[in-house]
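In case you want the letters, here they are:
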Amino acid sequence: MAQLWGGRFTKETDALVYQFNQSLLFDRRLFEQDVRGSKAHVRMLAKQGILTAAERDRILMGLASIERDVESGALKAEGEYEDIHSFVEANLIERIGDAGKKLHTGRSRNDQVALDMRLYIRDEADAVKDLLKELLEAILSIMSGNTETYMPGFTHLQKAQPVTLAHHFGAYFEMFKRDLERVLSIRERMNICPLGSGALAGTTYPLDREYTAELLLFDRACENSMDGVSDRDYLIEFLGALSIIMMHLSRLSEEIIIWNSNEYRFVELDDTYATGSSIMPQKKNPDIAELIRGKTGRVYGASACLLVTMKGLPLAYDKDMQEDKELTFDAIDTTKGCIHLMGGMLKSAVFNRERMAESAGKGFANATDAADYLVRKGVPFRDAHGIIGRLVLLCIERNCSLDELPLADYRRECQAFEEDIYGAISLKACVERRMTKGAPGVMDEEIKRARAFLDQMM
Ligand code: ARG
């Protein structure tokens, strides 16, 4: 077992204890970040005269050769190493000898792992941002092509008022836009370098922490070394942001599942995004949407798990924190996969405009508009509400829609009705009259704002 700390021990670690304690099997994901951090640390040590230039160059060369071999597959991050930090250091010493033993000067694995994880999350925040941008593009393209695709808007899953597909997806655009902004603000807040915090109390070497921070593209070094090694707030924030993204993806998935059902048929998923049944030949199931909905629980779990892990930890570092990794990695993989698949599913889906318009035309989604018509003719809204309510009842008895009700029946309820009632309650009129900011009648403006938002995103 290659461990970094044998000196004060007289017995070997129990094999089970070693297995329980090791983290290499999962923290090897941090290899690239670990080497990146070590290179910056070594450069800083040499600048401060703690290492010679020759030692620095030898270490940098050794690290680069390890990197090359891991990349090519000649060296595998596996075997009897406690963690990725031990793996890199042991291999370095094996390759370059004594100079390698100086790499860890003025550093602890506590600030090292805090750094690696921060670098990793920063990279992943950028990746999530890019994926969200792609998803927003897919949503915006649905919006742009469907400003006149009429459909029922729902409350309580009951038809409420006519909207358009552009308007419906516009709501998701806003949700994922907030998600993107949330990820950006977390990235900004977390961009602080813990390296140089040491085990918890800094170090006696004259480190230049700001220099290391700068080399690693952080905004600054952290203020307090105890906080530096024990802060996992940014991880909890990030998992929170992923949970909210999943919540949004899950709601959209749920709608796709409903819209794809035999009863609704608002959307036809592409064959490439659906699966069949082993027994029922007619089936085409929306498994991908269901899986996105299902995986949401996993990401919530990671978020709750880390909150609970952290709640009782005394300062500064405790080994409990090693538990932050697997669940975070899993939550990131899961969320990234789901964002990507949702984009693909949306891009390949075909929306059934006729079905949506037909559905919007039935179920009295235009009843509010009929009442608004009476208001425009001088009838107080509360009276108008009662009149239309009675007419809806009449339609239900006759199994017809408001558009199909003869004018005589309208006028029997209220003399204010005239021939123009039919134009006033057409789907087109219902949508076009809704001109308040954010309403379906002014989607062109909303689309313009959405386009501008994506254009100014780098
Ligand atoms: N594998 C550890 C972790 O993930 C690295 C830090 C270990 N530090 C220590 N003092 N044992 O947290």
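Quick summary incoming for the structure in this document. Since this is a predicted model, take the numbers as computed values, not measurements.

Another point: the pattern of salt bridges. Pairing is possible between side chains that carry opposite charge, provided their charged atoms lie close to one another. For the structure on display, the rule yields 35 salt bridges. Among the salt bridges present, the one from Asp 98 reaches Lys 101, with a minimum N-O distance of 3.3 Å. For the pair formed by Asp 98 and Lys 101, the shared burial category is exposed. A salt bridge links Asp 324 to Arg 232, with the shortest nitrogen-to-oxygen separation between them at 3.0 Å. A residue pair is termed long-range when its members are at least 10 positions apart, and Asp 324 in helix 12 (residues 324–348) and Arg 232 in the loop between helix 9 (225–230) and helix 10 (233–259) qualify at 92 residues. Each member of the pair, Asp 324 as well as Arg 232, carries the same accessibility label: buried. Through salt bridges with shared partners, a single network forms among Glu 82, Asp 83, Arg 109 and Lys 319.

Attention shifts here to the side chain of His 167. Its place among the elements puts His 167 in helix 7 (residues 165–190). Within polar-contact distance, the side chain of His 167 engages the backbone oxygen of Gly 438 at 2.9 Å. Residues contacting His 167, with those up to four places away along its chain left out, are Gly 438, Ala 439, Pro 440 and Met 443.

Turning to a nonpolar patch on the surface, a few remarks are in order. A surface patch of nonpolar side chains, amounting to about 270 Å² of accessible area, comprises Leu 200, Met 226 and Leu 315. Residue position: Leu 200 is located in the loop between strand 3 (192–193) and helix 8 (209–215). On the basis of relative accessible area, Leu 200 is assigned to the partly exposed category, the value being 33%.

Definitions and cut-offs
Residues numbered from 1 in each chain as written. Predicted model: local features only at pLDDT ≥ 70, side-chain atom pairs only at ≥ 80, totals over all residues. Heavy atoms only, no water. Salt bridge = Lys/Arg side-chain N within 4 Å of Asp/Glu carboxyl O. Buried < 20%, exposed > 50% of the residue type's maximum accessible area, 1.4 Å probe, protein only. Helix = DSSP H or I, 4+ residues; strand = E, 2+ residues; numbered from the N terminus. Polar contact = N/O pair within 3.5 Å; in protein donor to acceptor, adjacent residues only side chain to side chain. Contact = heavy atoms within 4.5 Å. Patch = residues over 30% accessible without salt bridge, like charges linked within 9 Å, V, L, I, M, F, W, Y side chains within 5 Å. Areas by Shrake-Rupley, 256 points an atom, 1.4 Å probe, with all protein chains shown as cover.

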